[in-house]
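# Understanding the architecture of this molecule
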Amino acid sequence: MVIGGGLAGLTAALHLAERGLTPLLLEAAPRCGGRVAGGEPVTLEGTGRTWAFRAEHGIHGIWGQYHNLRALLRRHAIAPGLVPARREEWLHGEGKRVLRAEAGSMVRRSLIPAPFHYLGLFLRPRFWAMLTPFDLIGLPRVTASLFLALAYDPLCEPTALDGRTLAGLFDKWPPRLRAFIAALMRSGLAAHPEEVPLGGFLAFLRFYTLLRRDAWAFDYLPDDSGTSLIDPLVSAIQTHGGTVCTGAQATCLERTDGGWRVNWQQDNETHSREAKHVILALDAPAARNLLRESAATAEVAERLEWPQGLSTGIVRLWFSNAPRSSAESGICSGDFTIDNFFWLHHIQGPVAAWHAATGGSLVEAHIYGPQELLDQPDETLLARAIADVQRAYPELRDTRIHQTLQRNSPSHTRFSIGASPRYLGVVSPWPGLSCCGDWVRFPHPALFLERATTTGIAAANAALERLGQQPFPIIPASPPEAPARALQWGLRGVRRMVRTR
Ligand SMILES: Cc1cc2nc3c(=O)[nH]c(=O)nc-3n(C[C@H](O)[C@H](O)[C@H](O)COP(=O)(O)OP(=O)(O)OC[C@H]3O[C@@H](n4cnc5c(N)ncnc54)[C@H](O)[C@@H]3O)c2cc1C
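Residues numbered from 1 in each chain as written. Predicted model: local features only at pLDDT ≥ 70, side-chain atom pairs only at ≥ 80, totals over all residues.

Here we take up the overall build of the chain. Per the secondary structure count, the chain includes 17 helices and 20 strands. Over its C-alpha atoms, taken along the principal directions, the chain stretches across nearly 75 × 70 × 40 Å. By residue count, 48% of the 501 residues in the chain fall in the buried class. Of the contacts formed within the chain by residues at least 6 apart in sequence, a portion of 69% connects residues at least 24 apart. (Helix = DSSP H or I, 4+ residues; strand = E, 2+ residues; numbered from the N terminus. Buried ≥ 20, exposed ≤ 12 C-beta atoms within 10 Å, placed from the backbone. Contact = placed C-beta atoms within 7 Å.)

Structure (structure tokens):
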């Protein structure tokens, strides 16, 4: 049995079904997908027809190092037409002034190998214009802080970074570079510097950008994530003989002689079933609740550390015309309320069709807190997001035709796991119960969607090995580029020497 139908649970169930087992997957929500679930469509009239725009938890990027997720999609012919990211802007707002520079393609297409590829940014006069003289004086300090990530691999080795946050590292950084990296972290880790654990920051840097140029190359799904990713995954599970039960909330786990008994609520009725092996694929707050409320697991679960769940706000704005800038996405720093944005008519097929027919545009902006901001009423958040977009794109003033705000429950992971057994791992302290999810400990350097996928495969492998079946291989991350590898080797040597002394 698999409990939880987000990407991790669906991955685990599909791998079990591919080996001829018949997994039963329980998902509490009315539809599968968790943080990549699709939602209800918003409809607009235009050019004599009705246009439907399906909502989602938030648009997702599939990065260069997502080898296991990409392999899974290829094997099942899911989302074949991934859309490559082309241009990402950095917008910095100070009052009425908005500074902007393209920052993404210069890093991934740099001619200089990692970790020196960021020098590519300095070939752009617009990037220079974003910086103050203090930033130029402070560059060596910033470089030294970034290279800290070459000396530590917090996901694969124990480090003494616990309790330290990104804010500590930022202390003496110059203003605009601090704003840039803070915006990147809010966009990537959905949290502000005082909340971002230093280990999470270093893991993010290593996985997404510092070790390789192509790690920052990413793709979008060609449609909303429910339509292009989750619905086909559910169909693949069913085609291979698995069963997916939605609206089924697991309430308690009990040990039995043969394995586990899982109790769940569905349509106001209590159900229960026994399984030889159970895979827990919940978000961190839900996993903590289930394990603490089940007598068989409560005592150990009380002693574990659990990552915090974060809320997010997703604003969508429809305009009757399109912005002049051709960048399809961006991150925001300074006094912007929104943290990042995506012009969906450049990315998703159905929105592009509407744009072609009407000339209109649709932007999705994400607000990642702080919590005091997310606690504001809907009208306030919408008004602030609208003001931000119109300040950045003045040509869109008075052309807005529709807007929505979606509030996501606090299930998103504040990325804080490390290699310590204080965090729940794929192999759990309980026999016959393996765990997966983007917050679960596993010695593989991956985050978010790729972490959900790799831990999903690993959790399925634990069940397969127990049942005498052949496990699936997990594709390793591509190695660092040669200069990054050499520098990493040297810095780790220094770290070891200092520790020995
Ligand atoms: C706005 C936003 C944007 C993002 N963008 C990106 C991106 O661009 N790239 C990227 O890699 N990642 C991104 N992420 C992160 C990514 O969505 C997650 O890492 C990934 O979806 C986690 O999958 P999961 O299966 O581990 O967890 P979840 O998706 O949280 O799945 C857990 C599931 O368990 C179910 N559940 C909970 N309790 C119970 C219960 N008692 N019984 C049964 N079921 C239960 C939940 O309903 C849910 O479906 C983003 C996240 C957000 C919020």
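Don't stop here, the text continues.
Lining the immediate surroundings of the ligand are 35 residues, of which G4, G6, G34, G58 and F448 lie closest. At the level of secondary structure, the elements contributing two or more residues to the shell around the ligand comprise α1 (7-18), β2 (24-27), β11 (249-255), α11 (284-293), β19 (400-413) and α16 (448-466). Looking at the shell around the ligand residue by residue, the class counts come to 15 nonpolar, 16 polar and four charged. Residue-level mapping places the shell around the ligand at the junction of two domains, with at least three residues from each of domain 1 (2-35 + 226-308 + 416-466) and domain 3 (309-413). (Near = placed C-beta within 6 Å. Nonpolar A, V, L, I, M, F, W, Y, C, P; charged D, E, K, R; others polar. Domains from an automatic or database assignment.)

Across six bridges, β11 lies against strand β12 (residues 260-266) in antiparallel orientation. Within β12, the position partnered with R255 by the bridge is W260. Sheet topology places β12 next to strand β13 (residues 269-275); seven bridges connect them, and they run antiparallel. Residue pairing across strands places W260 opposite A275, the latter belonging to β13. The turn joining β12 and β13, which pair antiparallel and follow one another in sequence, is formed by two residues; a positive phi near 50° is taken by D267. (Pairing = 2+ DSSP bridges.)

Let us look at the domain arrangement of the chain. Interface size is commonly expressed as the accessible area that is lost once the parts come together. When cut into domains, the chain gives domain 1 (2-35 + 226-308 + 416-466), domain 2 (134-220 + 477-501) and domain 3 (309-413). Grouping the constituent residues of the side of domain 1 that touches domain 2 by class yields five nonpolar, three polar and no charged.

Grouped together as the largest cluster of nonpolar side chains are 149 residues, with contacts concentrated most on I3, A12, I237, V278, I279 and C436. Element by element, the count of residues in this core is highest for α16, at 10 residues. (Core = buried A, V, L, I, M, F, W, Y, C linked by C-beta atoms within 7 Å.)

Taken in spatial order, the seven strands line up as β8-β7-β16-β17-β18-β15-β19 in an open sheet, and their pairing is mixed. With partners counted over all chains shown, the strands left at the sheet margins are β8 (97-102) and β19, one partner each. When the angles between neighbouring strand axes are averaged without regard to direction, this sheet yields 20°. Both strand β16 (residues 329-334) and strand β17 (residues 340-343) contribute to a ladder of three bridges, which runs antiparallel. When the bridges of β17 are listed, I331 appears paired with N340. Docked against the sheet, helix α8 (residues 175-189) engages β7 (88-94), β16 and β17, running at close to 130° with respect to β16. (Axes fitted to C-alpha atoms, helices over the stretch in contact; angles between N-to-C directions.)

Another point: the packing of α1 against α16. With their axes 7 Å apart at the nearest point, α1 and α16 run at an angle of 40° to one another. In terms of orientation, α1 lies oblique with respect to α16. In the crossing of α1 with α16, the sense of the turn from one axis to the other is right-handed. Judged by residue contacts, L7, A8, G9, T11, A12, H15 and L16 of α1 engage L449, A452, T453, T455, G456, I457, A459, A460 and A463 from α16. Split into classes, the residues belonging to the contact of α1 with α16 amount to 10 nonpolar, six polar and no charged. (Parallel < 35°, antiparallel > 145°, perpendicular 65-115°, else oblique. Left-handed = near helix turned anticlockwise from the far one by under 90°.)

Of the residues making up α11, those classed as buried are A284, A286, A287, L290 and L291. Along the long axis of α11, the arc covered by the buried residues comes to 160°, so they all point the same way. (Arc of directions from axis to C-beta.)

Once that is clear, we can look at helix α2 (residues 67-75). Turning to α2, its buried residues are N68, L69, L72 and L73. The buried side chains of α2 occupy one side of the element, clustering within an arc of 135° when seen end-on. For α2, exposure combined with an orientation more than 90 degrees from the buried face picks out R74 and R75. Check the buried side of α2 and you find it contacts α1, β5 (61-63) and α16.

Tracing the backbone through its elements, the reader meets I112 in the loop between α3 (104-108) and α4 (125-130). Exposure remark for I112: the 14 C-beta atoms within 10 Å place this residue in the partly exposed category. In the structure, I112 is positioned 101 residues away from R213 in sequence and 8.7 Å away in space, judged by C-alpha atoms. When neighbours within four sequence positions are excluded, I112 is seen to be in contact with H117, L119 and G120.

Before going further, it helps to spend a moment on the sheet that holds β12. Read from one edge to the other, the open sheet built from three strands follows the order β11-β12-β13, with strand pairing classed as antiparallel. The strands lining the two open edges of the sheet, one partner per strand, are β11 and β13. Averaged over neighbouring strand pairs, the angle between their axes works out to 20° when direction is ignored.

Our next topic: the packing of α2 against α16. The packing of two helices is summarised by the inter-axis angle and the distance between the axes. Packing of α2 against α16 leaves a shortest axis separation of 7 Å and a crossing angle of 70°. The angle between the axes of α2 and α16 places the two elements in the roughly perpendicular class. Contact residues: N68, L69 and L72 in α2; L449, E450, T453, T454 and I457 in α16. For the contact of α2 with α16, the residue count by class is four nonpolar, three polar and one charged.

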